[in-house]
Amino acid sequence: MNEALIRLEEVTHTVTRWIAFVGLLCLVALALATIADVMMRWLFNSPIHGVNDLYNLVIAVVVGAFFPITLMQRHHISIRFLGTALGGRANDWLNNFSNVALLIFLALMSWQLIKYVGEVWETGETTWILQWSVAPWWAVATAFVTLCVPIQLIVTLRDALEPRAAGGHGH
């Protein structure tokens, strides 16, 4: 089982890198649109209408795209002084507890985001200027965040099966 879990972790890590790359491309596109808008305002006193709408849609996707890789690489915020002070088993127990707590939090957050996407889809909410539907953008962001649940489960299982590995994965 451990080999299968390691292989699953490797595949998941590759997938999360691609998702983060998509997020990076969206962020670059957003930056370029912002620069173009600023230049148009400065040079011609004529802003690009809808850039703010675009920003509001794309930023949710960008943020959601970086969640999975952050979890996979274990770069989330953690406070380790208590576990370090207690050492050994207490540290492993605290790490496992925090992994499970984060897993529960991500599941609850995903559930609420799924409900939100359903609501904006049902109401047909659109952006103010461009009149683009908000729901597809939030659906993508929600998919990225929801993907964090199985990713955190993999992290939790891996750390529980190999407690000392938790410290070696970039905490």
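Position numbers for residues start from 1 in each chain and track the written sequence from start to end. Predicted model: local features are reported for residues with pLDDT of at least 70 only, side-chain atom pairs are reported and counted for 80 or more only, and whole-chain, interface and lining totals are derived from all residues. Hydrogens and water molecules were not included; the side-chain quantities draw on all heavy atoms of the structure.

(A) Quick peek at the packing of aromatic side chains. Ring geometry is summarised as follows: Phe, Tyr and Trp rings, the Trp one being its six-membered ring, pair when their centres sit within 6.5 Å, and such pairs are stacked at plane angles under 30 degrees, edge-to-face over 60 and tilted between the two. According to the stated counting rule, one finds four aromatic pairs in the structure shown. Arranged with centres 5.3 Å apart and planes meeting at 80 degrees, the rings of Tyr116 and Trp138 form a pair that is edge-to-face. With Tyr116 in helix α4 (residues 88-123) and Trp138 in helix α5 (residues 135-161), this pair connects stretches of sequence that are 22 residues apart. Think of it as a cone above the ring: NZ of Lys or CZ of Arg counts as a charge over the ring if it is within 6 Å of the ring centre and within 35 degrees of the ring normal. Directly above the ring of Trp111 sits Lys115, whose terminal nitrogen or CZ lies 5.1 Å from the centroid. Labels follow the DSSP assignment, with helices taken as runs of H or I lasting at least four residues and strands as runs of E lasting at least two, numbered in each case from the N terminus.

(B) Layout of the pattern of salt bridges. By salt bridge we mean one thing: a side-chain nitrogen of Lys or Arg within 4 Å of a carboxyl oxygen of Asp or Glu. The final tally for this structure, using the stated rule, is six salt bridges. With its nearest N and O atoms 3.5 Å apart, the salt bridge here joins Glu10 to Arg7. Of this pair, Glu10 and Arg7 both sit in helix α1 (residues 2-44), three residues apart, which is roughly one turn of that helix. Between Arg158 and Glu162 there is a salt bridge whose closest N-O contact spans 3.6 Å.

(C) Structural context of the side chain of Thr127. Positionally, Thr127 belongs in the loop between α4 and α5. Residue class for Thr127 comes out buried when judged on its relative accessible area of 7%. What Thr127 contacts, discounting residues up to four positions off in sequence, is Asp53, Leu57, Trp132 and Val134. Partly exposed describes any residue whose relative accessible area lies between the buried limit of under 20% and the exposed limit of over 50%, with all areas from a 1.4 Å probe on protein chains only and scaled to the type maximum. Every residue pair with non-hydrogen atoms within 4.5 Å of one another is taken to be in contact.

(D) Molecular detail of the packing of helix α2 (residues 51-72) against α5. With their axes 8 Å apart at the nearest point, α2 and α5 run at an angle of 10 degrees to one another. The orientation of α2 with respect to α5, classified from their angle, is roughly parallel. Contacts between α2 and α5 involve Leu57, Val58, Ala60, Val61, Gly64, Ala65, Phe67, Pro68, Leu71 and Met72 from the former and Trp137, Trp138, Val140, Ala141, Phe144, Val145, Leu147, Cys148, Ile151, Gln152, Ile154 and Val155 from the latter. Any residue outside Ala, Val, Leu, Ile, Met, Phe, Trp, Tyr, Cys, Pro, Asp, Glu, Lys and Arg is labelled polar, Gly included; the first ten of those are nonpolar and the last four are charged. Among the residues making up the contact of α2 with α5, the classes are represented as 20 nonpolar, two polar and no charged. Note on geometry: axes are C-alpha line fits, over the in-contact stretch for helices, and angles between N-to-C directions span 0 to 180 degrees. For classification purposes, an angle smaller than 35 degrees is called roughly parallel, one larger than 145 roughly antiparallel, one from 65 to 115 roughly perpendicular, and anything else oblique.

(E) Fine view of α1. With 43 residues, α1 extends 62 Å between its outermost C-alpha atoms, agreeing within 8% with the 63 Å of an ideal straight helix rising 1.5 Å per residue. Looking only at α1, the buried set comprises Leu5, Glu9, Thr12, His13, Thr16, Ile19, Ala20, Gly23, Leu30, Ala33 and Asp37. Here the buried face of α1 lies against α2 and α5. Positive backbone phi, at 55 degrees, marks Asn45, one or two positions downstream of α1. A helix is expected to reach a length of 1.5 Å times the quantity of its residues less one.

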